[in-house]
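Residue strings, one per chain:
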Amino acid sequence: MAQHKVNYMADGGLPVALTTVDKLVQWGRSNSLWALTYGLACCAIEMMATGASRYDFDRMGTIFRASPRQADVMILAGTLSKKHSEFARRLYDQMTEPKWVISMGSCANTGGMFNTYATVQGVDRIIPVDLYLPGCAPRPEIGRASCRERV
């Protein structure tokens, strides 16, 4: 049997990766986001398309959850009415730290074309928003790329 001797000292030492536990945990979190879906209007269709086969969020490690206690990211897609704002805030408060919020679409960002007494003129008036995805309706690939950069 042939014996192969590896000389680690010849190449500058053993192959060792140095990092801190905090950086390792942050890397794990950035590659396994669990998103709480809160789709309210036509932007919700685009949000669902990100989870479908063509723009598969699962390849990125993002899994849609229905429970706020298991979610890291809240994706609020669509027109938020004042009746729904109370429930959106309640779901946000139930999420564990660290948590991020994505406002998806023009209606969620600014109220869109609905400047009425019943529409919230921007989700950021109810909950703090970390990432705004513009458009009516924003394309799924924009959401996928933006999530990866931000978190």
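Refer to the structure above for everything that follows.
Since we're looking at a predicted model, the values are computed, not measured.

Quick look at the sheet that holds strand β1 (residues 34–39)
Adjacent strands of a sheet pair through backbone hydrogen bonds, lying either parallel or antiparallel. In spatial order, the strands read β2-β1-β3-β4-β5; together these 5 strands make up an open sheet with parallel pairing. This sheet does not close on itself; its edge strands, each paired only once, are β2 (63–65) and β5 (131–133). Taken pair by pair, the neighbouring strands of this sheet meet at an average axis angle of 30°, ignoring direction. On the sheet, helix α3 (residues 82–94) packs against β1, β3 (73–77) and β4 (100–104) and is oriented at approximately 175° with respect to β1.

Here we look at helix α2 (residues 43–51)
By the burial criterion, the buried members of α2 are Cys43, Ala44, Glu46, Met47 and Thr50. Each buried residue of α2 lies within a common arc of 160° when the element is viewed along its axis, so the set occupies one face. Exposed residues lying more than 90 degrees from the buried face of α2 are Ile45 and Met48.

Digging into the pattern of salt bridges
Per the counting criterion, the structure on display carries 3 salt bridges. Salt-bridge contacts for Arg90 lead to Glu86; the nearest nitrogen and oxygen are separated by 3.2 Å. Here the residue Arg90 and the residue Glu86 both occupy positions in helix α3, the gap between them amounting to 4 residues, near one helical turn. Accessibility expressed as a relative area gives 42% for Arg90, which makes it partly exposed. The salt bridge involving Lys99 is made with Glu97; its shortest N-O contact spans 3.8 Å. Under the relative-accessibility criterion, Lys99 is labelled buried at 14%. Of the residues examined, Glu97 reaches a relative accessible area of 63% and is grouped as exposed.

Parameters at a glance
- Residues numbered from 1 in each chain as written.
- Predicted model: local features only at pLDDT ≥ 70, side-chain atom pairs only at ≥ 80, totals over all residues.
- Heavy atoms only, no water.
- Pairing = 2+ DSSP bridges.
- Helix = DSSP H or I, 4+ residues; strand = E, 2+ residues; numbered from the N terminus.
- Axes fitted to C-alpha atoms, helices over the stretch in contact; angles between N-to-C directions.
- Contact = heavy atoms within 4.5 Å.
- Buried < 20%, exposed > 50% of the residue type's maximum accessible area, 1.4 Å probe, protein only.
- Arc of directions from axis to C-beta.
- Salt bridge = Lys/Arg side-chain N within 4 Å of Asp/Glu carboxyl O.

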